[in-house]
Structures are given as C-alpha cells and as structure tokens.
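If you want the building blocks of each chain, they are given just below.
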Amino acid sequence: MKDIMKLSPSTSQFLVSAAFFPWSIKPIYGIVSDCIPIKQRKRVPYLIISSGLSLFPWLIIGLSEHLRSSSNLFTLMLIVQNLGSAMADVVIDAMIAEAVRSAGSEFAGDLQSLSWSSMAVGGIFGSLLGGYALSNLPINAIYIIFSALPLFQLVTCVFVKESSKGFDSTIDNAAHDHADDQNIDSAFAGQGSGESFKYVSTRRRKGARKKNKRRTLSKRSEGHEKHNKSVNLYSSLKSAFISLCTAFKQPAILRPMAWFFISNSAVPNISTVMFYYQTEVLHLEASFLGTARVIGWFSLMLGTYIYNRYLKHKKLRNILMFAHLGLAIITVLDILLVSRLHIQYGIADKYMVLWGSALADAINQFKMMPFLILSGQLCPPGIEGTLFALFMSINNLSSTLGSFLGAALTSALNISSVQFDNLALGLTVQLMGTLLPIGFLFLIPRDVTGLTS
C-alpha cells in the first residue's frame, strides 16, 4: 500500500480496518454452526472452506499484477482472506470454549496459554520468514509462497478428529427411518386386507396396489420431513438467538463486555501511521520491522507465562488498570521517539522500536488473557460457538472502530507520507484514550480475579 499503491497513511489505515471487518461478524458463523444439532456437527467442512478462502486470495494476488496495483480489488481480496481466517477461528474458539468448560476454571489459564503459545511459535516463524522474504524476494513471489501456509492448514484438516456422535446419529436416524418404513408397511398391509372384500383380484394386483399406496405415503412423508426440517431450522435459529440474548443480558456478562468494548474503541489506533514514520523518516527497512515482530511474539509468550504464573489469582480490576497504565507508558515511548528526545541519551531508533513493540505485546496479554478465560467460562453448552464468537467479535469490532478512529484522527491532523509534524499530537490523543478506560473499571465486578472463579 505504501510503496506500490502510494496510498496515504490515513487511507491505508482505513482500508486495513475495512479488510478486517469479517472478524467483527463472527457470531453469524457461530449461529450457523450452533443451529446444526450437536450430534451432527462437523468441524472439518468448516475448516476446509475457511482454508480455501484463505488460500486463493494470496495466490491470485501473487499472480495478478493488476490486483496488486488496485487498492479496491486488493482490499476485496483481503476481506475474503480474513473471512476464511475468521471462519476457522470460530471453530477454534468453540473447541477451546468446550475444553475450558470441561477442564474447569483451575486449568482455564493453562489451555489459553497453550493456545496463545502455539500461535506465538507460528508467529515467530512467520515473522522470520517474512523479514527474509521482504529482503530477498519480489512481492509477487512472496504472495505465492505465503499461499502455501493456508494450503498447509488445509492439509492438516485430515488430522482433526470428528466426534463419533455424528456417526452414531446417522445410525440412529437410519434405524428410525427403517422402523418408520416397517410401520408404514404394516399399516398398508392392514389396509389391503381390509379392502379385500371390495376387490376380487389376484395377489399381484393387491401387491401392486400396496406398493402404489406405499409410494404415495412415502412422498407425503418426504414432504412432511422437509417441512419439519425447515421448521426445525427456524426453531433452531430462533432458539439460538433467544439463548444468545438471554445469556448476554446477564449483568455478569454484559458489564465486563461493555468495559472491554470501551477499552478498545476509545483508543485511536495509528499503528499504520507509525509504520510510515518508521520507514520514511527513521529509514528503518520493512524487513527489519518484520523481523522485529519476532521480539514481539517472544514477549507475547513471556506475557502469557507471567500472567498464568503470577497474575491469574489477582483481582481483575487491578490487572486491567496496570495493563492500561503500561500501555500508556508505551505510548509515551512513541512520543519520545517522534520528538527525537531519546537521541540525546544515545538510544538508537531501532532499540526504541524493538523494546516498544516487545513491551506492548507483553502488556496486551495481561489484558487479553482474562478476557479469553472469562469468555470461555461464561459460554453455556449448546451455544458456545455463538456466544464465544460474540465475545471475540466485541473485541474485534471495538478494535476496528479504534482503527477507524485512528484513520479519522490522522486525516484531521493532515498527517501524510511526507508530513508528520502533528504525529506527536496524535500520539498524545492516543495516550488520553488509553487512560480513559481506567475510569470505567467499575463495570468489572470488584471481587473477580484473573482466574474468574
């Protein structure tokens, strides 16, 4: 977007925010999943479809120079790619929610730590590969090579174990249908014998008549079955929606989710602008910034460990307050970077960027971990996919709104790829937004800990 499409920072920020919109409608995917009867739910088809949606946009972008030069088509491809990723994430969320509920609150942090640590390991390898690719490969080759990653995800679908309940339900349905057929046959047999005094005919004609009646009733039964399926689907959708609204309106769920929404949407995200500043003004190579993400992923793993080891028994209000104070300190470091005040202390730009990224990822985990654990434990059986997806959508939608707010702020301050005079002012506004959610911590129950037990 910066080098090939020559887009401004505010435009890039806006398009990136729009591309991530599919993550904000995850409850739709969850409702589709939850409306299928539990015994018939299959995870693999969802994962296959989502992997395909993630695979083809990267491949098409790599093969088409026109797509790489058109901001609208490029954003459309990103939306499709994020749609596939979000669909797969719903399945993963549901699996984790089921595991958290069955494992109990004592092991909830361990399961979330395993999930995030696994993602961090993948992020480390991805960042190293990305940093190397940006330095040594053309952009079209990078997209084609990276399309192998969702292809690998598609292959791993064969290792996902489906519940045997789905197979059992098929057998039960077949047995039920066979029993219905037997009842129909016996009913027709009774009808045929009762009408024998009216018709003097051969056994063959009686048999033909019974078969014709059986076909007629079978067609009626099929039509009735189709009607029942449509009614059941409507009932399932209605039931899922009512259960979702009932669960979400509970104060124990609504108030914490309201705080998490405020904590993200109130903070204008200008990370894209900082990327422009770091590459255009500080002259840091994009490959360095990609490799620097390795430090961020390591700090994410460290933050997960620290939270699970030392903080999960602390009060949630205190954890979230110190997390936002820490994020405010990170914003102050960015202000120092933009103001160039660190130069007089002999601190290089690279170290400011590296340590700022590392601390931000670690501190964000102190905020994200209790959110995930709380979300997993609040999900009741039967709608875990929908409700957990709703929780994550609240987080994603609020982050998207924060990104749109950042794009609007960037445009209002006339920040461009060659004009960063007001960037320090924009970071000051971000600092004020980071401190604002602390005033709404009364929405978090007073005695709830990071373990939420």
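Residues numbered from 1 in each chain as written. Predicted model: local features only at pLDDT ≥ 70, side-chain atom pairs only at ≥ 80, totals over all residues. Heavy atoms only, no water.

Draft legend 1. Spotlight on the overall build of the protein. Scanning the protein from N- to C-terminus turns up 17 helices and 0 strands. Burial status across the protein gives 42% buried among its 453 residues. Put simply, 84% of the contacts in the protein that link residues at least 6 apart link residues at least 24 apart. When the accessible surface of the protein is totalled, it reaches about 23,900 Å², and 66% of it is carbon and sulfur. (Helix = DSSP H or I, 4+ residues; strand = E, 2+ residues; numbered from the N terminus. Buried < 20%, exposed > 50% of the residue type's maximum accessible area, 1.4 Å probe, protein only. Contact = heavy atoms within 4.5 Å. Areas by Shrake-Rupley, 256 points an atom, 1.4 Å probe, with all protein chains shown as cover.)

Draft legend 2. Seen up close, the nonpolar core. Core analysis: the biggest nonpolar cluster contains 37 residues, and Met257, Trp259, Leu320, Phe371 and Leu372 have the highest contact counts within it. For this core, the elements supplying multiple residues, two or more each, are helix H6 (108-136), helix H10 (203-248), helix H11 (251-265), helix H13 (286-311), helix H14 (316-339), helix H15 (349-378) and helix H16 (384-412). Counting the residues that make up this core, at least three belong to each of domain 1 (1-160) and domain 2 (248-452). If you look at the next biggest cluster of nonpolar residues, it comprises 35 residues, including Met5, Leu7, Leu409 and Phe420. (Core = buried A, V, L, I, M, F, W, Y, C linked by side-chain atoms within 4.5 Å. Domains from an automatic or database assignment.)

Draft legend 3. Representation of the packing of helix H3 (residues 44-63) against helix H8 (residues 148-155). Relative to each other, H3 and H8 sit at 165°, their axes nearing to 8 Å. Viewed along their axes, H3 and H8 adopt a mutual orientation that is roughly antiparallel. Once H3 is placed against H8, the crossing between them reads as left-handed. Residues Ile48, Ser50, Ser51, Ser54, Leu55 and Trp58 of H3 lie in contact with H8, whose contacting residues are Pro150, Leu151, Gln153 and Leu154. (Axes fitted to C-alpha atoms, helices over the stretch in contact; angles between N-to-C directions. Parallel < 35°, antiparallel > 145°, perpendicular 65-115°, else oblique. Left-handed = near helix turned anticlockwise from the far one by under 90°.)

Draft legend 4. Seen up close, a nonpolar patch on the surface. Taken together, Tyr345, Ile347, Tyr351 and Trp355 make up a surface patch of nonpolar side chains, about 530 Å² in accessible area. In this structure, tyrosine 351 sits in helix H15. (Patch = residues over 30% accessible without salt bridge, like charges linked within 9 Å, V, L, I, M, F, W, Y side chains within 5 Å. Salt bridge = Lys/Arg side-chain N within 4 Å of Asp/Glu carboxyl O.)

Draft legend 5. Molecular detail of the pattern of salt bridges. Counted by the stated rule, this structure contains 4 salt bridges. Here glutamate 280 ties to lysine 2 by a salt bridge, and the two come within 2.9 Å at their closest N and O atoms. Residue glutamate 280 is found in helix H12 (residues 271-280), and its partner lysine 2 is found in the segment before helix H1 (9-19); the two are separated by 278 residues along the sequence. Glutamate 280 gets classed as partly exposed once you look at its relative accessible area, which sits at 33%. Judged by its relative accessible area of 14%, lysine 2 falls in the buried class. For aspartate 361, the salt bridge goes to arginine 293, with nearest N and O atoms at 2.8 Å. Of this pair, aspartate 361 sits in helix H15 while arginine 293 sits in helix H13, and the two are 68 residues apart along the sequence. In this structure aspartate 361 comes out as buried when scored by relative accessible area, which is 14%.

Draft legend 6. Up close: H3. The terminal C-alpha atoms of H3 lie 29 Å apart, and with 20 residues this matches the ideal 28 Å at 1.5 Å per residue to within 8%. Those residues of H3 lying buried are Val44, Tyr46, Leu47, Ser50, Ser51, Gly52, Ser54, Leu55, Pro57, Trp58, Ile61 and Gly62. (Expected span 1.5 Å × (residues − 1).)

Draft legend 7. Broad picture of the side chain of threonine 400. Its place among the elements puts threonine 400 in helix H16. The class of threonine 400 is buried, set by a relative accessible area of 8%. Discounting chain neighbours no more than four positions away, the residues touching threonine 400 are Ser17, Phe20 and Ser24.

Draft legend 8. Up close: the packing of H14 against helix H17 (residues 423-435). Two elements in contact, H14 and H17, have axes whose closest approach is 9 Å; the angle formed by their N-to-C orientations is 175°. In terms of axis orientation, H14 runs roughly antiparallel to H17. Contacts from His324, Leu325, Leu327, Ala328, Thr331, Val332, Asp334, Ile335, Val338 and Ser339 in H14 reach Leu423, Ala424, Leu427, Thr428, Gln430, Leu431, Thr434 and Leu435 in H17. A breakdown of the residues in the contact of H14 with H17 according to their chemical character gives 11 nonpolar, 6 polar and 1 charged. (Nonpolar A, V, L, I, M, F, W, Y, C, P; charged D, E, K, R; others polar.)

Draft legend 9. Spatial organisation of the environment of glycine 406. Along the chain, glycine 406 falls in helix H16. Taking the C-alpha atoms as reference points, glycine 406 and glutamine 13, 393 residues apart in sequence, are found 7.6 Å from one another. In contact with glycine 406, other than residues within four places in its own chain, are Gln13, Pro268, Asn269 and Ile270.

Draft legend 10. Geometry of the packing of aromatic side chains. Here the structure, examined in full by the defined rule, presents 6 aromatic pairs. Each ring, one from tryptophan 259 and one from phenylalanine 260, has its centre 5.2 Å from the other, and the planes form 85°; the classification is edge-to-face. Each member of the pair tryptophan 259 and phenylalanine 260 is classed as buried. Between the NZ or CZ atom of arginine 293 and the centre of the ring of tryptophan 297, over which it lies, the distance is 5.6 Å. Across from the ring centre of tyrosine 310, 5.2 Å away, lies the NZ or CZ of arginine 309, which sits over that ring. (Phe/Tyr/Trp six-rings, centres within 6.5 Å; stacked < 30°, edge-to-face > 60°. Lys NZ or Arg CZ within 6 Å of the ring centre and 35° of its normal.)

Draft legend 11. Broad picture of the environment of histidine 313. Inspection of the secondary structure assignment puts histidine 313 in the loop between H13 and H14. Residue histidine 313 is classed as exposed on the basis of its relative accessible area, which comes to 52%. Separated by 136 residues in the primary sequence, histidine 313 and threonine 449 have C-alpha atoms spaced 5.6 Å apart.

Draft legend 12. Molecular detail of unusual backbone geometry. In this structure, histidine 283 takes a positive phi of about 60° despite not being glycine. Not every positive phi belongs to a glycine, and asparagine 414 is a case in point at roughly 55°. Asparagine 414 sits in the exposed class, given a relative accessible area of 57%.

Draft legend 13. Representation of H12. In terms of burial, H12 is a largely internal element, 7 of the 10 residues being buried. All of the buried residues along H12 are Thr272, Val273, Met274, Tyr276, Tyr277, Gln278 and Thr279.

Draft legend 14. Structural context of the side chain of serine 147. The topology assignment puts serine 147 in the loop between helix H7 (139-146) and H8. A residue is classified by how much of its surface remains accessible, and serine 147, at 6% relative accessible area, is buried. Setting aside residues up to four positions removed in sequence, serine 147 forms contacts with Leu55, Trp58 and Leu59.

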